[in-house]
Amino acid sequence: MYRYDSLDKEMLTDRSNEFRHQAARRLSGEITEDQFKPLRLMNGLYLQLHAYMLRIAIPFGTLNTKQLRRLAWVAKTYDKGYGHFTTRTNLQLHWIKLRDAPDILDALAEVDLHAIQTSGNCIRNITADPYAGATADEIDDPRVWVEAMRQWSTNHPEYSYLPRKFKIAVTAAEKDRAAIRSYDVGLHLRRTRDGELSFEVMVGGGQGRTPYLAKTIREHLPAGRLLSYLDAVLRVYNRQSRRDNIHKQRIKILVATLGVEEFTRQVEAEWALIEGADIDLPDTELARIRAAFMPCAFDPQPASSPVFEAAKADPEFARFTRRNVHPHKVPGYAIVDISLKVPGETPGDASSEQMDLVADLADAYSQGEVRINYTQNLVLPHVKLADVPAIYAALKPAGLATANMDLITDIIACPGLDYCTLANARAIPVAQSIAKRFADPERAEQIGDLKINISGCINACGHHHLGAIGILGVDKKGEEYYQLSLGGSGGDDAELAKILGPAMSGPAIPDAIETLVETYIVHRKDGERFLDTVRRTGLQPFKEAVYASAD
Amino acid sequence: MKMLTANSLTTGEVVFWDHGQWSVRFADGERFEADEAADAALALAETQPKIAVAAYLIDVEDNDGHWVPIAFRERLRALGPSNTPQHGKQADGDADVEAFQASHSSARSTGRVKLIKR
């Protein structure tokens, strides 16, 4: 994987030193909170309900084991021994003290980690397919391009004060595992008929109060022209977007207001004025980045493994292979998902001990690499099939072998009102109550793929617009209420979920989910997922069932 | 009745105004019957920016002899996150914690005075 060069390291050290002085000036009273707040936010340090929260960037969701162990150590030393993986593939520590923050940033910088651009109106941490470099269905490693964008966008002076935050996601595989159409810019790398790499550029997606799926403004952008084209997109946005109304500052509103044709025309006109050679990376630099992502040599393995097949005699291991083990591009290897969704536990949380264990397993079995999935799970990307039983055996006693990827218990949930100052309602306890209701793994598997996404407020960090069942926490006359929506997806079949009906109280949610599932089972045709059935039948049968039983 | 709350500058911990100083214990918090006294305490607290940040007033009510914040959000702040009972002030498990938990159903979100968007 990519390693920071001396410029990157110098930048992180400088930033860390700068923050140490800023924090000292705040603690001594030399600067006010109003002066300090934007400075701490530029280093990912928020003040939440119970303490400061540090949001640590994990570019393209890739960590080496030294970094993961350092995150575990920071969580154990300065927090309460756990961290929360987010839908932006970042790690949040929820119990940070301001006086410790400079030491933490130093400790992170030593392993090329930081919290820069995890807050504020700038280009945020760029996410990618969690199976990048491992999956057979990709035409290139998208992280090469994300790394190019990381270098371009980090501390970019022109984009340090955008109208609002700006999020980019990239995939280079056929299957979209990065929810690219739900971001300000989604990039899908493909190969043209003549074999050239080209991006489909989608702009103006986003969730929150006014959700949109990104629209394609260019079908084929020569991949080497990516940075100059993004410059054109950002310049049009920076120039045209509404800075006067917080609800209209995202690029999705600009694209919707101008219309995709006019927005595209302006971007193309802007692009024509840009001297690409000044901005686009030369082939030599791209080749240097690409070389850093070349995988280690894969020992040739037989395409199937007798050890792996024999272990399936254990039905629980067999289920693990069905749900959490995926084909790798190299025969005899697999991609292994590690679920952070034990029914009844907090989605996305991992203890320091769990992080250390995953680092040990990655060193032993996965070329020292770990990925973060935006679904708040972890991935071991390069595993020999023959090693999967040993990995499973090590994960199981640590509570990391739940075989539930994409099932009803694999719930995305934001921190919600338990931690977040912006939230209207709690999200975690709702996820816990649903997961406990469907904890029987056999039943969950019979129900099949079903994504439940929960957000504690309209900002939609829990991706409720993209859930086959989306749940939004609202404040209804002072009480926590939850609004259900159905039919959403962030994948290839991306669609925004539609509201089912009036909001209901938290304790009513598991029964409502039960009713939705029963209704699906009655209506489903062979091979249909919950999402397929909802889209075929529409919301009516589900609406009738939920609200009839609620009466 | 009102109370004054904030977060400690150095630790971020939730604190409550107690006759001119800040306490980490909700039970120690001073209660104000008169709005003028509450506003005066808030004004005084704002002159101590090296100790606490983002001070604001909250509404509290008597619940069978125990004072609890009206706002559900403020109960979570005064207790700790509901998904981890071992974290936050609730870990102490005293009578106030039990009163908070028992009065769950009467929570309201409107008990945050002069809401500050942070």
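Rules used throughout
- Residues numbered from 1 in each chain as written.
- Chains lettered and ligands numbered in written order.
- Predicted model: local features only at pLDDT ≥ 70, side-chain atom pairs only at ≥ 80, totals over all residues.
- Helix = DSSP H or I, 4+ residues; strand = E, 2+ residues; numbered from the N terminus.
- Rg over C-alpha atoms; globule rule 2.2 N^0.38 Å.
- Buried ≥ 20, exposed ≤ 12 C-beta atoms within 10 Å, placed from the backbone.
- Expected span 1.5 Å × (residues − 1).
- Arc of directions from axis to C-beta.
- Contact = placed C-beta atoms within 7 Å.
- Pairing = 2+ DSSP bridges.
- Axes fitted to C-alpha atoms, helices over the stretch in contact; angles between N-to-C directions.
- Domains from an automatic or database assignment.
- Nonpolar A, V, L, I, M, F, W, Y, C, P; charged D, E, K, R; others polar.
- Core = buried A, V, L, I, M, F, W, Y, C linked by C-beta atoms within 7 Å.
- Parallel < 35°, antiparallel > 145°, perpendicular 65-115°, else oblique.
- Left-handed = near helix turned anticlockwise from the far one by under 90°.

Visitor: A description of the overall build of chain A should follow, citing residues and the corresponding values.
Guide: Counting its secondary structure elements, chain A contains 19 helices and 21 strands. Rg of the C-alpha trace for chain A: 23 Å, near the compact-globule value of 24 Å for 551 residues, within the 12% margin. Principal axes of the C-alpha set define a box for chain A whose edges measure 60 × 60 × 60 Å. Across the 551 residues of chain A, 54% fall into the buried class.

Visitor: Please set out helix 8 (residues 260–273) of chain A residue by residue, giving values where relevant.
Guide: Residue and element names in this part refer to chain A. Here helix 8 spans 20 Å end to end across 14 residues, near enough to the 20 Å set by a 1.5 Å rise per residue. Within helix 8, burial applies to F263, T264, Q266, V267 and W271. Across the axial projection of helix 8, the buried residues extend over an arc of 160°, all falling on one side. Along helix 8, the residues that are exposed and aim more than 90 degrees away from the buried face are E261, E262, A269, A272 and L273. Check the buried side of helix 8 and you find it contacts strand 10 (215–222), helix 6 (226–240) and helix 7 (251–258).

Visitor: Break down the pairing of strand 19 (residues 479–486) of chain A for me, with residues and values.
Guide: Residue and element names in this part refer to chain A. With respect to burial, strand 19 is a largely interior element, 7 of its 8 residues being buried. Here 8 bridges tie strand 18 (residues 469–476) to strand 19, and the two strands are oriented antiparallel to one another. Pairing of I469 across the sheet is with L486, part of strand 19. In textbook terms, the turn of a hairpin is the stretch between consecutive antiparallel strands, and for strand 18 and strand 19 this stretch comprises 2 residues, one of which, K477, has a positive phi near 50°. Bridge analysis of strand 19 against strand 21 (residues 504–505) gives 2 bridges, and the strand direction is antiparallel. Residue pairing across strands places Y481 opposite S505, the latter belonging to strand 21.

Visitor: An account of the sheet that holds strand 4 (residues 52–63) of chain B is needed here, citing residue identities and associated values.
Guide: Residue and element names in this part refer to chain B. Spatially, 5 strands are ordered 3-2-1-4-5 in an open sheet, and the strand pairing comes out antiparallel. The sheet is open, and its two borders are formed by strand 3 (21–23) and strand 5 (66–69), each paired with just one other strand. On average, adjacent strands in this sheet sit at an angle of 45° to one another, irrespective of strand direction. Across the sheet, helix 1 (residues 35–45) touches strand 1 (2–8), strand 2 (14–18) and strand 4, and the angle it forms with strand 1 is around 15°. Its contacts with the sheet place helix 3 (residues 95–102) against strand 4 and strand 5, and it is angled at close to 55° to strand 5.

Visitor: How would you summarise the domain arrangement of chain A if you had to cite specific residues and measurements?
Guide: Many descriptions give the size of an interface as the accessible area lost when the pieces come together. Residues and elements named next belong to chain A. What the domain assignment reports for chain A is domain 1 (6–109), domain 2 (135–291), domain 3 (306–398) and domain 4 (412–550). Relative placement of domain 2 and domain 4: their C-alpha centres are 31 Å apart. Between domain 2 and domain 4, the residue contacts involve 10 residues of the former and 11 residues of the latter. Among the residues making up the side of domain 2 that touches domain 4, the classes are represented as 3 nonpolar, 3 polar and 4 charged.

Visitor: Quick one: what's the story with the nonpolar core, residue by residue and with numbers?
Guide: As a rule of thumb, nonpolar side chains are buried together in soluble globular proteins. Grouped together as the largest cluster of nonpolar side chains are 201 residues, with contacts concentrated most on Y52, L54, V170, V233, V358 and Y482 of chain A. Beyond its immediate sequence surroundings of up to four residues, V233 of chain A is in contact with V185, V203 and V267 of chain A.

Visitor: How would you explain the interface of chain A and chain B if you had to name every residue and give the values?
Guide: Listed per partner, the contact involves 26 residues of chain A and 25 residues of chain B. With 3 residues, the top contributor of residues to the side of chain A that touches chain B is helix 15 (residues 428–437) of chain A. A class-by-class count of the residues in the side of chain A that touches chain B yields 11 nonpolar, 7 polar and 8 charged.

Visitor: For the pairing of strand 8 (residues 185–191) of chain A, give the residues involved together with the corresponding values.
Guide: All names here are of chain A. Along strand 8, 5 of the 7 residues are buried, which leaves the element largely enclosed by surrounding structure. Judged from the 4 bridges that link them, strand 7 (residues 168–171) and strand 8 form a sheet pairing that is parallel. For A169, the partnering residue across the bridge sits in strand 8 and is G186. Pairing geometry for strand 8 and strand 9 (residues 197–203), over 7 bridges, is antiparallel. Within strand 9, the position partnered with R190 by the bridge is S198. In sequence, strand 8 turns back onto strand 9 through a hairpin of 5 residues, with G195 there showing a positive phi of about 90°.

Visitor: Account for the packing of helix 7 of chain A against helix 8 of chain A, with residues named and values stated.
Guide: Two quantities define a packed helix pair, namely the angle between the axes and the distance from one axis to the other. Residue and element names in this part refer to chain A. With their axes 5 Å apart at the nearest point, helix 7 and helix 8 run at an angle of 110° to one another. Judged by the inter-axis angle, helix 7 sits roughly perpendicular to helix 8. Contacts between helix 7 and helix 8 involve L254, V255 and L258 on the former and, on the latter, V260, E262 and F263. Looking at the contact of helix 7 with helix 8 residue by residue, the classes come out as 5 nonpolar, no polar and 1 charged.

Visitor: Report on the sheet that holds strand 12 (residues 333–338) of chain A, specifying residues and quantitative values.
Guide: Residues and elements named next belong to chain A. The strand order across the open sheet formed by 5 strands is 3-14-15-12-11, and the pairing between neighbours is antiparallel. The sheet is open, and its two borders are formed by strand 3 (62–64) and strand 11 (325–327), each paired with just one other strand. Adjacent strand axes in the sheet meet at a mean angle of 30° when their direction is disregarded. Against the sheet, helix 13 (residues 352–365) touches strand 12, strand 14 (369–373) and strand 15 (377–384), its axis set at about 20° to strand 15.

Visitor: Hey, could you go over the packing of helix 5 (residues 142–153) of chain A against helix 10 (residues 283–292) of chain A for me, with residue numbers and the actual values?
Guide: Residues and elements named next belong to chain A. One can describe the packing of helix 5 onto helix 10 by two numbers: an axis separation of 9 Å at closest approach and a directional angle of 120°. Our classification of the angle between helix 5 and helix 10 gives oblique. For the pair helix 5 and helix 10, the sense of crossing is right-handed. Contact with helix 5, carried on its side by V144, E147 and A148, involves L286, I289 and R290 of helix 10 and no other residues of that element. Residue composition of the contact of helix 5 with helix 10, grouped by class: 4 nonpolar, no polar and 2 charged.

Visitor: So what about unusual backbone geometry? Which residues, and what values?
Guide: Residue and element names in this part refer to chain A. Phi is positive for A179, close to 50°, though the residue is something other than glycine. Relative to the helices and strands, A179 is located in the loop between strand 7 and strand 8. Of note in this structure, D406 is not a glycine but carries a positive phi near 70°. Checked against the element boundaries, D406 lands in the loop between helix 14 (388–395) and strand 16 (412–413).

Visitor: Would you mind going over the environment of G488 of chain A in detail, with residue names and values included?
Guide: Residues and elements named next belong to chain A. Structurally, the position occupied by G488 is in the loop between strand 19 and strand 20 (498–499). Residue G488 is classed as buried on the basis of its C-beta count, with 26 C-beta atoms lying within 10 Å. C-alpha of G488 to C-alpha of Y419: the two residues are 69 residues apart in sequence and 26 Å apart in space. Other than its neighbours up to four places away in sequence, G488 contacts H465, L466, G467, A468, G470, E495, L496 and A497.

Visitor: So, helix 14 of chain A: which residues are in play, and what are the values?
Guide: Note on helix geometry: an α-helix contains 3.6 residues per turn, so any two residues three or four positions apart are oriented the same way. All names here are of chain A. Among the residues making up helix 14, those that are buried are V388, P389, I391, Y392 and L395. Taken down its axis, helix 14 places every buried residue within 160° of arc, on the same side. In this structure, the buried residues of helix 14 make contact with helix 11 (306–311), helix 12 (315–324), strand 11, strand 12, helix 13 and strand 15.

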